[in-house]
Amino acid sequence: MSLTLFSTTKALRSASRHSQFALFDFLAPSIVTSSQTIRASLFHSTTSPIEPLQNAQTSHPQSLQNEPSRKPLTQSQRDFLDSALRVNQAGELAAVLIYASQTPLVIRSHPHLRPLMQHMYDQEAGHFSTFNQLIAKHRVRPTLMYPVWKAAATALGWGTALMGREAAMACTEAVETEIGGHYNEQVRVLLDWAEKLEGRGEGSEELDGLLKELRRIRDEELEHLDHAVQNDAKSAEPYELLTNVIRGGCRTAIWISEKV
Amino acid sequence: MALARLSKSITSRFPATSPCLTIWRQTCSYHSYEYVQPPPFPPAESAILSAAISHVPNYGFTSTALNLGARDAGYLEVSTNLLPRGVFDLINYHLVTQRLALKDTVQFPSEGEQGSAKKLGVGAKVRTLTLARLRANQPIIHRWQEALAVMAQPSYVPTSVAELARLADEIWFLAGDVSVDTSWYTKRASLSAIYSATEVFMTQDRSEEFTETEEFLDSRLNEVMKVGGFLGGLGEWLDYTGHSAVNILRSKGVRI
Ligand SMILES: [Fe+2]
Ligand SMILES: [Fe+2]
């Protein structure tokens, strides 16, 4: 365990190249960026925008250990949930930032859109906090690309809003089309599991809860899509190029966040 | 287009096979509250290794301890099929069982509970948990340097590092930390570094009740907190500068 610092320097020098990289790569974040964050976190512990999940780790397991019939989730099911929740959190982070950076520009020239932008922003903030809580509770690691998505989403929101209301709405349309499809795919997979469990008489509250959240959020995303189309997303110039680029970007971002 | 290109260049810089990611991927996976986690070791392995651990204070992390353990568990000798990594399997057993034991050895009063003078912050909980894990090495501390040498063998390094990362993850989780941004990584990496340094220090500590180890741990934790704001703040600095630049331009009437 104590491989890192003192006793093993000699051993490391003779270690294979690969192992050295493994070690140094792993330590790199601590050397480069850790100190400030850990300072903030150790004493104020306010880095997360959400409330602590009270005793999430202690309240459930005891009561459920009395049910020996429960099988563990398979590794591939856990992997699926792991990357699904990671992608969803990253996506909602991006959505919050896109709306946050679009809003001031859009409502300056179109004040009547203020309630709509506020409404969509509030829903995205709700989605973001839902997934923040879920990934903390289920011990899913967040995406390593977090700062990159932050910058990219802000730039995207800002850039499209500068192009005008139609482009901003086309951005929403493109993003929500991808995201809606993405949530639909997850709902389909989880529904399939839930049906199989039901068939064996092993309903799962955890799974049902997750399904309910995913469906609610998907419906809200599709609602955003409708709002965008109603607000002339289709008359954005150049519509095809803009939406294709954004949708391509979304797909790439999803693909990366699933893995990284 | 720009976003797609950016994303692509990022993927090529951080390929999915990067050792750093491999470690985190081995370390963490969706944790379910409804399904029973399988036991960390199969029964036969578990029987031999838990018996062998009791011989470590006398015989160290050695094949002697392993053989005595196998005999205690009713096996004639240690089969290489069962424990292909030999002594390292014994070390790994100690690491895994002590990590999993943490959640039972350290119990914090629950949030609503009255009586505890002051609610412990996450930082204090991290300290308590780290100390508890170090104390679990106490019975075998005089044998721990041998174990460290085995763990540092090239073929065992990835497993050992991943196990260290799992311990750091466990501690932050049990401490109730819910950060879900990049600090998730930096917190785990810093704690891993601090833990391993302190563990090595402890093997040379001759003080009563390992008070010097405790002091060492405290100063490492304090250091991380004092040095902060340097490079660590880069991301936040960019964030801040970016936003304030936009705000200044806006206040000057620039329509952005
Ligand atoms: Fe959303
Ligand atoms: Fe949305």
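Now for a quick tour of the structure. (Residues numbered from 1 in each chain as written. Chains lettered and ligands numbered in written order. Predicted model: local features only at pLDDT ≥ 70, side-chain atom pairs only at ≥ 80, totals over all residues. Heavy atoms only, no water.)

Observations regarding the overall build of chain A
Part 1 of the argument: When helices and strands are tallied, chain A shows ten helices and zero strands.
Part 2 of the argument: Along chain A, helices (α) and strands (β) appear in the sequence α-α-α-α-α-α-α-α-α-α when read from the amino end.
Part 3 of the argument: Relative to its full complement of 260 residues, chain A shows a buried share of 53%.
Part 4 of the argument: When contacts within chain A are restricted to residue pairs at least 6 apart in sequence, those whose partners lie at least 24 apart make up 83%.
Part 5 of the argument: On chain A, roughly 11900 Å² of surface is accessible, and the fraction owed to carbon and sulfur atoms is 56%. (Helix = DSSP H or I, 4+ residues; strand = E, 2+ residues; numbered from the N terminus. Buried < 20%, exposed > 50% of the residue type's maximum accessible area, 1.4 Å probe, protein only. Contact = heavy atoms within 4.5 Å. Areas by Shrake-Rupley, 256 points an atom, 1.4 Å probe, with all protein chains shown as cover.)

A few points about the overall build of chain B
Part 1 of the argument: For chain B, the helix and strand inventory stands at twelve helices and zero strands.
Part 2 of the argument: Ordering the α and β elements of chain B from the N terminus gives α-α-α-α-α-α-α-α-α-α-α-α.
Part 3 of the argument: Per-residue burial over chain B gives 48% buried out of 256 residues.
Part 4 of the argument: In chain B, the proportion of contacts linking residues at least 24 apart, taken out of those at least 6 apart, comes to 70%.
Part 5 of the argument: Entry remark: accessible area of chain B is about 12300 Å², with carbon and sulfur atoms responsible for 57%.

Overview of the coordination of the iron ion (ligand 1)
All names here are of chain A.
Part 1 of the argument: Coordination of the iron ion (ligand 1) by the protein involves E92 (OE), E92 (OE), E124 (OE), H127 (ND1) and E221 (OE), with metal-donor separations of 1.9 to 2.6 Å.
Part 2 of the argument: For the pair the iron ion (ligand 1) and the iron ion (ligand 2), the metal-to-metal distance amounts to 3.7 Å, and E124 bridges them. Of this pair, E92 sits in helix α5 (residues 75-109) while E221 sits in helix α9 (residues 205-230), and the two are 129 residues apart along the sequence. (Donors = N, O, S within 2.8 Å, 3.2 Å for Na, K, Ca; no water.)

Quick word on the coordination of the iron ion (ligand 2)
All names here are of chain A.
Part 1 of the argument: The iron ion (ligand 2) binds to the protein through E124 (OE), E176 (OE), E221 (OE) and H224 (ND1); the donor distances cover 1.8 to 2.5 Å.
Part 2 of the argument: One can describe the site at the iron ion (ligand 2) as irregular: its four donor atoms subtend angles covering 84 to 124° at the metal.
Part 3 of the argument: All donor residues of the iron ion (ligand 2) come from one chain, and their arrangement in sequence is E-x51-E-x44-E-x2-H. (Tetrahedral: all angles 85-135°; square planar, octahedral: opposite > 155°, others 65-115°.)

Some words on the packing of α5(A) against helix α8 (residues 165-199) of chain A
A packed helix pair is summarised by two numbers, namely the angle formed by the two axes and the spacing between the axes.
Residues and elements named next belong to chain A.
Part 1 of the argument: Viewed as axis vectors pointing N to C, α5 and α8 meet at an angle of 160°, and their least axial separation amounts to 11 Å. Taken together, α5 and α8 sit at an angle that is classed as roughly antiparallel. Every pair of crossing elements has a handedness; the one defined by α5 and α8 is left-handed. Between α5 and α8, the contacting residues are Q77, F80, L81, A84, V87, N88, E92, I98, Y99, Q102 and V106 on the first element and A168, C171, T172, V175, E176, H182, Y183, Q186, V189, L190 and W193 on the second.
Part 2 of the argument: Taken together, the residues of the contact of α5 with α8 sort by class into 14 nonpolar, six polar and two charged. (Axes fitted to C-alpha atoms, helices over the stretch in contact; angles between N-to-C directions. Parallel < 35°, antiparallel > 145°, perpendicular 65-115°, else oblique. Left-handed = near helix turned anticlockwise from the far one by under 90°. Nonpolar A, V, L, I, M, F, W, Y, C, P; charged D, E, K, R; others polar.)

Thoughts on the packing of aromatic side chains
Part 1 of the argument: Applying the stated criterion to the full structure yields seven aromatic pairs over all chains.
Part 2 of the argument: Where F80(A) meets W193(A), the ring centres are 5.6 Å apart and the plane angle is 70°; that geometry is what we call edge-to-face. One end of the pair, F80(A), is in helix α5; the other, W193(A), is in helix α8, with 113 residues separating them in the sequence.
Part 3 of the argument: On the basis of an interplanar angle of 15° and a centroid distance of 4.3 Å, the ring pair of F201(B) and F216(B) is categorised as stacked. Of the two residues, F201(B) sits in helix α10 (residues 183-203) while F216(B) sits in helix α11 (residues 211-226), which places them 15 residues apart along the sequence.
Part 4 of the argument: Looking at F201(B), the relative accessible area reads 24%, which means it is partly exposed.
Part 5 of the argument: Its relative accessible area of 12% is what places F216(B) among the buried residues. (Phe/Tyr/Trp six-rings, centres within 6.5 Å; stacked < 30°, edge-to-face > 60°.)

Examining the environment of E124(A)
Part 1 of the argument: When you line up the elements, E124(A) lands in helix α6 (residues 114-137).
Part 2 of the argument: Setting aside its immediate chain neighbours within four residues, E124(A) contacts E92(A), A95(A), V96(A), Y99(A), E176(A), E221(A) and H224(A).

Remarks on the pattern of salt bridges
Part 1 of the argument: This model, assessed by the stated rule, comprises 24 salt bridges over all chains.
Part 2 of the argument: D232(A) is paired through a salt bridge with R165(A); the nearest N and O atoms lie 2.8 Å apart. Of this pair, D232(A) sits in the loop between α9 and α10 (239-259) while R165(A) sits in helix α8, and the two are 67 residues apart along the sequence.
Part 3 of the argument: Judged by relative accessible area, which is 32%, D232(A) ranks as partly exposed.
Part 4 of the argument: A salt bridge links R188(B) to D169(B); its shortest N-O distance comes to 2.8 Å. Placement of R188(B) in helix α10 and of D169(B) in helix α9 (residues 157-174) is noted, with a sequence separation of 19 residues between them.
Part 5 of the argument: One salt-bridge network, in which partners are shared between bridges, spans R139(A), D169(B), E170(B) and R188(B). (Salt bridge = Lys/Arg side-chain N within 4 Å of Asp/Glu carboxyl O.)

Concerning unusual backbone geometry
Residues and elements named next belong to chain A.
Part 1 of the argument: With omega at -10°, the peptide bond leading from E237 into P238 counts as cis.
Part 2 of the argument: By secondary structure assignment, the location of P238 is in the loop between α9 and α10.
Part 3 of the argument: The phi dihedral of R139 falls on the positive side, at around 55°, and the residue is not glycine.
Part 4 of the argument: One can find R139 in the loop between α6 and α7 (146-163).
Part 5 of the argument: Located in the positive-phi region is D232, a residue other than glycine, with phi close to 70°.

Observations regarding the nonpolar core
As a rule of thumb, nonpolar side chains are buried together in soluble globular proteins.
Residue and element names in this part refer to chain A.
Part 1 of the argument: Core analysis: the largest hydrophobic core is formed by 56 residues, its most contacted members being M117 and L190.
Part 2 of the argument: Only α5, α6, α7, α8, α9 and α10 provide two or more residues apiece to this core.
Part 3 of the argument: The element best represented in this core is α8, accounting for 15 residues.
Part 4 of the argument: Among all residues touching M117, those that are not within four sequence positions of it are Y99, Q102, T103, V106, I107 and M169. (Core = buried A, V, L, I, M, F, W, Y, C linked by side-chain atoms within 4.5 Å.)

Section: a negative patch on the surface
All names here are of chain A.
Part 1 of the argument: A cluster of acidic residues, E195, E198, E205 and D208, forms a negative patch on the protein surface.
Part 2 of the argument: Those elements that provide at least two residues to the negative patch are α8 and α9.
Part 3 of the argument: Topologically, E198 is positioned in helix α8.
Part 4 of the argument: Assessed through its relative accessible area of 51%, E198 is described here as exposed. (Patch = residues over 30% accessible without salt bridge, like charges linked within 9 Å, V, L, I, M, F, W, Y side chains within 5 Å. Lys, Arg positive; Asp, Glu negative; His and termini not counted. Charge placed at Lys NZ, Arg CZ, Asp CG, Glu CD.)

Quick notes on the packing of helix α6 (residues 87-105) of chain B against α9(B)
Residues and elements named next belong to chain B.
Part 1 of the argument: One way to put it is that α6 packs onto α9 with a least axis distance of 9 Å and a crossing angle of 10°. By the angle between their directions, the pair α6 and α9 is classed as roughly parallel. Facing α6, whose interface residues are F88, L95, V96, R99, L102 and K103, α9 presents T159, S160, E163, R166, L167, E170, I171 and L174.

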